[in-house]
Amino acid sequence: MRRLLVLGSFAALVALVSGCGGKNAAPRISAGGATFVDPLIQKWSGDYKAAKNVEIDYVAKGSGYGISNLTSRNIDFGCSDAPMNAKELAKAKEAGGDVVHVPVAIGAVAVIFNLDGIKDLKLTGEVLADIYLRKITKWNDAKIAALNPGLGLPDKPITPTARSGSSGTSAIFTEYLSKRSPEFAKTPGTSKEPKFPEGVEKKPENNGVAEFVKATSGAVGYVELAFAKSNDIAYATMINKAGKPVKPDPASVTSAVDEAMKVKQDKEPYSLHPLAYSFTDAAGDGSYPIVGASYAMLFKKQPKDKGPVIVEFLKWAMSDGQKSAAELHYAPLPAELAKKAQELLGSVTFE
Amino acid sequence: MSSSPAPEASPPVRSSFGDRAFLSLSQSAGVFVLSLAAAMVAVLTYQAWPALSRFRELQILSSTDWNPNEGVYGSLLFVYGTVATSVIAMLVAVPLGVGAAAYLSEVAPPRVRRTCSFLLELLAAIPSVIFGFWALEFLARRGLAPTFGFFGLNNTSGEGILAAGLVLAVMILPYITALSFDVCQAVPRSQREGSLALGATRWQTIWNVVLPFARPGIIAACFLALGRAAGETMAVTMVIGNAEYLRFGIAATGDSIPSLIAGRLHETSAADVDKRAVLIALGLLLLVITLVMNVGARALLRWASKPRARPGRAVSVIEDPNYQLAPAPPEQTVRARKRAARTDKAMMVVLWFCQLLTVVPLFLILGYITYKGAGHVSTTFFTNLPNDKPPGLYHALIGSVTLVGLAAAFAIPVGMLAAIFLSEYKNYRLVKPVRFVSEMLGGVPSIVIGVFAYAILVYPFWFAVGQKGWGYSAWAGGFALAIMMLPVVIRSAEESMRLVPNSLREASYALGASRRQTVLKVVIPAALPAIITGVLLAVGRVAGETAPLILTARGSQFLPRLLSDETPSLPYYVYDFATKPGEAQKNLAWAAAFVLLCVVLLLNVGTRLLAGKRVVAAARAD
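S.K.: Just checking my understanding: could you explain the overall build of chain B for this structure?
M.R.: Within chain B, the regular secondary structure consists of 22 helices and 2 strands. Computed over its C-alpha atoms, the radius of gyration of chain B comes to 26 Å, within 12% of the 25 Å expected for a compact globule of 622 residues. If you line up chain B on its principal axes, its C-alpha atoms span 90 × 80 × 55 Å. Evaluated residue by residue, chain B yields a buried proportion of 58% over its 622 residues. Residue pairs at least 24 apart in sequence account for 77% of intrachain contacts in chain B once pairs closer than 6 positions are excluded. Accessible surface, chain B as shown: approximately 25,800 Å² in total, 64% of it carbon and sulfur. Taken together, the 52 basic and 33 acidic charged side chains of chain B have centroids lying 8 Å from each other.

Pasting the structure below:
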């Protein structure tokens, strides 16, 4: 009897849960990928639910997750900070045809550090590359000290921290270091899953890196600015291409974006997509050098039921949604880029 | 293993249609268990084939260079991480566990024994993700990090192979202690009495009589524990450091096979043939390792529990009739006695200390999780969603209930039928293989079950590249949990039914009842309390499972509405939010861990208190 009761109550609960979908439930879009945009997308998700009664269910696991799960078609749209390369595009094409990439957010990759009370630190791309190549292993190294006179750097080992797994943030970061250091460009080079030398710690997701650096004295890492700001982690001032020290903020990111958009994108993977840009190491006195965009990726051919809902959401994200961007320390999409992106979304077909 | 095999009572009359249907139903449940295991091995092998067929070329077990960019998949470092953490765990847990078992069995007063076994059962019931969270925040950051710093070792986070090994040790301690305790208890009383009668001290009796007698059982317990340690995912992945280099030394970080699979498999699509195949091949390797451990352990246990005449030690016969043993000088005897007494006293303290060290982690974990989590549990935790303000995990609670409910709805009927087949149709040929396979199924690492469920229900392995998968869903998560629950249900239901006296069956047959009637109306009602207990314990166990859910149900920011939706769960969120830096999210993780711990422990304690000791003993299916 008791067993029947237990079974019955389980069955009732299951029925309850599966039944509460109902007829007039909000449409739900399953999405996932980059953790770079996660804070912004979660904000959008809440706002969009309130405004349009559509649920955007975004699960952040990294850009690689977004690309592979879009290719497996486990999710309706994915996000990645590194646009798909030729190989990935070919795989995706086999799976579901052409993939449209539209930028939804632009942000800075902040170089975060934990140095017991030191709040500001100046670094160059070359020095940062040496840190990640393990050529500089102490905080009081002459090269760091030369950039930060009078800072009183401790004689402490540096624990450089990178992303484990396939990450668009890693792609942006290594692209920047590759541009600044020929040695870094050779190995590990630009990659979503770079093979750093021994001694570089690896943590999953932007969250994992931020969490580790926050908890570990002597650590340095790279995360999207929102993760540094919202978690109160110190981040470095970078010396940009023009030789000027710049802090990451919406203004310095916008400056980098404006400069980068003047440059013709002839290198892969950017050349494969109409609206993909390499924003790293941009010219201009006020440009922050480690900047990247997160792209929403969706198949050009969309099902009739969900397709229009996704496109509507992305259009909303590029217009109304951008109002939340600055508040979460992302740079708003330039109006021109947003307009082009909306046009590109018009090419999506529903069947 | 508490019941003696009784001769099967057979029904007097030829079976009717209903009877035959009942038989084939329960037999097919048994066949289902067999085919489930076969399917698991087959699917994993099929998916791993691209890697297995080019094993050398991909340098899987011949290199330590893991660099998927270059198509190099040297996995030795993950194998090393798995082995090293397991070895550390065993080095710590075996002496402590055996010492604690010896103390409980031979020294402890009954009240201490009862309390300690109860505490050990609680320790065993704690979900692995909570072990991981505790190990990360307490053991690594507050314990090992300052220690490494003190000795000038270059590891500022405290994470690494040592931390992972230590948390594994805490996790397998209850198994080693409980199993060793059982085998110590099985040592005949006459052996102890003989030893004491010869003037041996308690320690001498334990060391020279009890432990040697119990040795095969203890070794078997170690094998079982080792299998568990090698397959553990969550606790290890949270503290091992996820490094991609082979490093040695006490402060080294590393990575293990299950941790690698949990972190990387969902980053691959069906199109990433090599990487996916390598990860699944590593899963297969893990499966083989744990199966070998389990088969070995069971073989040892079976061999040890067989009644057998022990050949005595060869005695050299002294031919000389006039030979006399020279008596030892009295002062020497006295000295030896004193020494033995001193050793005895010292060893009693050591054993007591072993027991103490075994239960201390329980209080550390309970205390720390309560300290961190209890304050953050508010009503909004139970009513809000993660994107609400203030955030809550209402949807994860509903999701967990759904997943566990689905698993139970699947595992209980199938498990019951299979158990009926095993216990009531003893002389069928399939019984032995079904029992064996179901025991093996209980030892399969949870992450491997996750990989299997993914291949069946998330992105079916027979789908061509380009076909739309079925996606993450409650179905897939529930299925994975059901596979974990099934062997526990079978085992406990079978044990419970075997404890029903045969005379009851005979009486039923004598009244003219058929076998179906006997089973349904006599055996099951008699065994019901024990079966329910077993089922509730199984529910408590899968309620805290995380690893397979990462690959199957994923998570979601919203309330699950359909069983085909991505479904959030409480343990998933403990893991997800534990690795987030934000104060709010971390507090949510602590609150979630506290709630999960409360649910699991209440389920456990409640069941034990309600059911009473005997029923629990029958239902325990470790």
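S.K.: Mind showing me how you'd approach the pattern of salt bridges here?
M.R.: Once their charged atoms are close, side chains differing in charge can pair, the charge on each being opposite to the other. Evaluation of the coordinates by the stated rule reveals 45 salt bridges over all chains. Glu106 of chain B is the partner of Arg192 of chain B in a salt bridge, and the nearest nitrogen-oxygen pair spans 2.6 Å. With Arg192 of chain B in helix H6 (residues 189-197) and Glu106 of chain B in helix H2 (residues 76-107), this residue pair connects regions lying 86 residues apart in the sequence. On the basis of relative accessibility, which here comes to 18%, the residue Glu106 of chain B falls in the buried class. The structure contains a network of salt bridges with shared partners spanning Glu193 and Lys202 of chain A together with Glu244, Arg264, Glu267 and Lys275 of chain B.

S.K.: Even after reading the chapter, I still don't get the domain arrangement of chain A, so can you show me in this structure?
M.R.: Interface size is commonly expressed as the accessible surface area that is lost when the partners come together. Residue and element names in this part refer to chain A. With domains assigned, chain A is organised as domain 1 (27-106 + 293-350) and domain 2 (108-272). For domain 1 and domain 2, the distance between their C-alpha centres works out to 26 Å. At the junction of the two partners, domain 1 supplies 28 residues and domain 2 supplies 26 residues. For the pair domain 1 and domain 2, the summed buried area comes to about 2,000 Å², and 67% of that belongs to carbon and sulfur atoms. The interface formed by domain 1 and domain 2 holds 1 salt bridge in total. Measuring nitrogen to oxygen at the nearest pair gives 2.7 Å for the salt bridge that ties Lys192 to Glu88. On the surface where domain 1 and domain 2 come into contact, there are 6 residue pairs in polar contact (both at pLDDT 80 or more).

S.K.: Would you mind showing me how to read the interface of chain A and chain B here?
M.R.: At the junction of the two partners, chain A supplies 70 residues and chain B supplies 69 residues. Interface area for chain A against chain B, summed over the two sides, is near 5,900 Å², with a carbon-plus-sulfur share of 50%. For the pair chain A and chain B, the interface holds 10 salt bridges. Note that Asp65 of chain B and Lys195 of chain A form a salt bridge whose closest N and O atoms lie 3.2 Å from each other. Our count for the chain A to chain B interface comes out at 25 residue pairs in polar contact (both at pLDDT 80 or more). Looking at side-chain class alone, the side of chain A that touches chain B contains 25 nonpolar, 23 polar and 22 charged residues.

S.K.: Looking at this structure, how should I read the packing of aromatic side chains?
M.R.: Aromatic ring pairs are defined here through the distance separating the ring centres and the angle between the ring planes. One pass over the structure, following the stated rule, counts 38 aromatic pairs over all chains. Taking 6.1 Å as the distance between ring centres and 35° as the angle between the ring planes, the aromatic pair formed by Phe77 of chain A and Phe313 of chain A counts as tilted. Highlighted residues: Phe77 of chain A in strand E3 (residues 77-80) and Phe313 of chain A in helix H12 (residues 307-318), separated in sequence by 236 residues. Exposure class is identical for Phe77 of chain A and Phe313 of chain A. Each is buried. Seen from their ring centres, Phe421 of chain B and Tyr428 of chain B are 6.2 Å apart, and the 55° between their planes marks the pair as tilted. You can call Phe421 of chain B buried: its relative accessible area is 0%. Look at Tyr428 of chain B and you get partly exposed, because its relative accessible area is 30%. An aromatic cluster is defined as three or more aromatic residues linked by ring pairs; in this entry it consists of Tyr46, Tyr459, Phe461, Trp462, Phe463 and Trp470 of chain B. Across the ring face of Phe299 of chain A, the terminal group of Arg73 of chain A is positioned such that the distance to the ring centre comes to 5.9 Å.

S.K.: What's the story with the sheet that holds strand E10 (residues 245-246) of chain A in this structure? I'm lost.
M.R.: Sheet strands pair via backbone hydrogen bonds, and the direction of the pair is either parallel or antiparallel. Strands sit in the order E5-E9-E10 (chain A) across an open sheet of 3 strands; the sheet is mixed. With partners counted over all chains shown, the strands left at the sheet margins are strand E5 (122-123) and E10 of chain A, one partner each.

S.K.: How should the pairing of strand E11 (residues 291-299) of chain A be read in this particular structure?
M.R.: Sheet faces and side chains relate simply in a regular strand, where the side chains alternate between the two faces. All names here are of chain A. Among the 9 residues that make up E11, 9 are buried, leaving the element largely enclosed by the rest of the structure. In E11, alternate side chains face the same way, and those of Val291, Ala293, Tyr295, Met297 and Phe299 on one face and Gly292, Ser294, Ala296 and Leu298 on the other are all buried. Bridge count for strand E4 (residues 99-113) against E11 is 9 bridges, and the pairing is antiparallel. Following the sheet pairing, Val99 is matched in E11 by Phe299.

S.K.: Is there a simple way to explain the packing of helix H1 (residues 17-52) of chain B against helix H18 (residues 515-543) of chain B in this structure?
M.R.: Two quantities define a packed helix pair, namely the angle between the axes and the distance from one axis to the other. Residues and elements named next belong to chain B. For the pair H1 and H18, the least separation of the axes is 8 Å and the interaxial angle reads 65°. For the pair formed by H1 and H18, the contact residues are Gly18, Asp19 and Phe22 on the first element and Arg515, Arg516, Val519 and Leu520 on the second. Across the contact of H1 with H18, the residue classes tally to 3 nonpolar, 1 polar and 3 charged.

S.K.: What am I meant to see in the domain arrangement of chain B here?
M.R.: All names here are of chain B. Domain boundaries in chain B define domain 1 (78-210 + 230-272 + 341-368) and domain 2 (388-416 + 446-622). Here the C-alpha centroids of domain 1 and domain 2 sit 26 Å apart. Across the boundary between the two partners, domain 1 contributes 26 residues, which contact 28 residues of domain 2. Across the interface of domain 1 and domain 2, roughly 2,600 Å² is buried in total on both sides, 76% from carbon and sulfur atoms. If you sort the residues of domain 1 by the area they bury against domain 2, Glu121, Phe133 and Met234 come out on top, with a joint share of 21%. Connecting domain 1 to domain 2 are 1 salt bridge. One can count 1 residue pair in polar contact (both at pLDDT 80 or more) joining domain 1 with domain 2. Listed by contribution, the elements that provide at least two residues to the side of domain 1 that touches domain 2 are helix H3 (110-125), helix H4 (128-150), helix H5 (161-185), helix H8 (234-239), helix H9 (257-264) and helix H11 (330-373). Tallying contributions element by element places H4 first for the side of domain 1 that touches domain 2, with 6 residues. A breakdown of the residues in the side of domain 1 that touches domain 2 according to their chemical character gives 19 nonpolar, 3 polar and 4 charged.

S.K.: Would you mind going over the pairing of strand E8 (residues 219-224) of chain A with me for this structure?
M.R.: Residue and element names in this part refer to chain A. Among the 6 residues that make up E8, 6 are buried, leaving the element largely enclosed by the rest of the structure. Inspection of the sheet shows strand E6 (residues 159-164) paired to E8 by 2 bridges, in the parallel sense. Counterpart to Pro160 in the pairing with E8 is Val220.

S.K.: Would you mind going over the sheet that holds E11 of chain A with me for this structure?
M.R.: Residues and elements named next belong to chain A. The strand order across the open sheet built from 8 strands is E2-E1-E3-E11-E4-E8-E6-E7, with neighbouring strands paired in mixed fashion. Where the open sheet ends on each side, the last strands, each with one partner, are strand E2 (55-60) and strand E7 (201-204). On average, each strand axis in the sheet is inclined to that of its neighbour by 30°, with strand direction left out of account. Note: E4 against E8, 5 bridges, orientation antiparallel.

S.K.: What is the right way to look at helix H9 (residues 205-215) of chain A in this model?
M.R.: Counting buried residues along H9 of chain A, 9 of its 11 residues qualify, which places the element largely inside the surrounding structure. Restricting attention to buried positions, one finds in H9 of chain A the residues Glu205, Asn206, Asn207, Gly208, Val209, Ala210, Glu211, Phe212 and Val213 of chain A.

S.K.: Is there a simple way to think about the side chain of Thr607 of chain B in this case?
M.R.: All names here are of chain B. Relative to the assigned elements, Thr607 resides in helix H21 (residues 583-611). A polar contact is formed between the side chain of Thr607 and the backbone oxygen of Leu603, at a distance of 2.2 Å. Other than its neighbours up to four places away in sequence, Thr607 contacts Thr533, Leu536, Leu537 and Leu602.

S.K.: Would you take a moment to explain the confidence of the model for chain A for this structure?
M.R.: Low-confidence regions, as indicated by low pLDDT, have predicted coordinates that should not be scrutinised in detail. Mean pLDDT for chain A: 88, with 93% of residues reaching 70 or above. Confidence drops under a pLDDT of 50 for residues 18-23 of chain A, and excluding neighbours within four residues, the segment shows 6 contacts in the predicted structure.

S.K.: Any chance you could explain the side chain of Thr237 of chain B here in plain terms?
M.R.: All names here are of chain B. Structurally, Thr237 is set in helix H8. The class of Thr237 is buried, set by a relative accessible area of 9%. In this view, Thr237 contacts Asn242, Ser259 and Tyr575; residues no more than four positions away in its chain are not counted.

S.K.: It is not clear to me how unusual backbone geometry should be interpreted in this structure. Could you clarify?
M.R.: Residues and elements named next belong to chain A. Residue Pro188 is reached from Thr187 by a cis peptide bond, and omega for that bond is 0°. Mapped onto the secondary structure, Pro188 falls in the loop between helix H8 (182-186) and E7. A cis amide bond links Glu268 to the next residue, Pro269, at an omega of 0°. Within the secondary structure layout, Pro269 lies in the loop between helix H11 (250-262) and E11. Non-glycine residue Glu205 carries a positive phi angle of around 65°.

Cut-offs applied
- Residues numbered from 1 in each chain as written.
- Chains lettered and ligands numbered in written order.
- Predicted model: local features only at pLDDT ≥ 70, side-chain atom pairs only at ≥ 80, totals over all residues.
- Heavy atoms only, no water.
- Helix = DSSP H or I, 4+ residues; strand = E, 2+ residues; numbered from the N terminus.
- Rg over C-alpha atoms; globule rule 2.2 N^0.38 Å.
- Buried < 20%, exposed > 50% of the residue type's maximum accessible area, 1.4 Å probe, protein only.
- Contact = heavy atoms within 4.5 Å.
- Areas by Shrake-Rupley, 256 points an atom, 1.4 Å probe, with all protein chains shown as cover.
- Lys, Arg positive; Asp, Glu negative; His and termini not counted.
- Charge placed at Lys NZ, Arg CZ, Asp CG, Glu CD.
- Salt bridge = Lys/Arg side-chain N within 4 Å of Asp/Glu carboxyl O.
- Domains from an automatic or database assignment.
- Buried area = accessible area lost by both parts, 1.4 Å probe.
- Polar contact = N/O pair within 3.5 Å; in protein donor to acceptor, adjacent residues only side chain to side chain.
- Nonpolar A, V, L, I, M, F, W, Y, C, P; charged D, E, K, R; others polar.
- Phe/Tyr/Trp six-rings, centres within 6.5 Å; stacked < 30°, edge-to-face > 60°.
- Lys NZ or Arg CZ within 6 Å of the ring centre and 35° of its normal.
- Pairing = 2+ DSSP bridges.
- Axes fitted to C-alpha atoms, helices over the stretch in contact; angles between N-to-C directions.
- pLDDT = per-residue confidence, 0-100.

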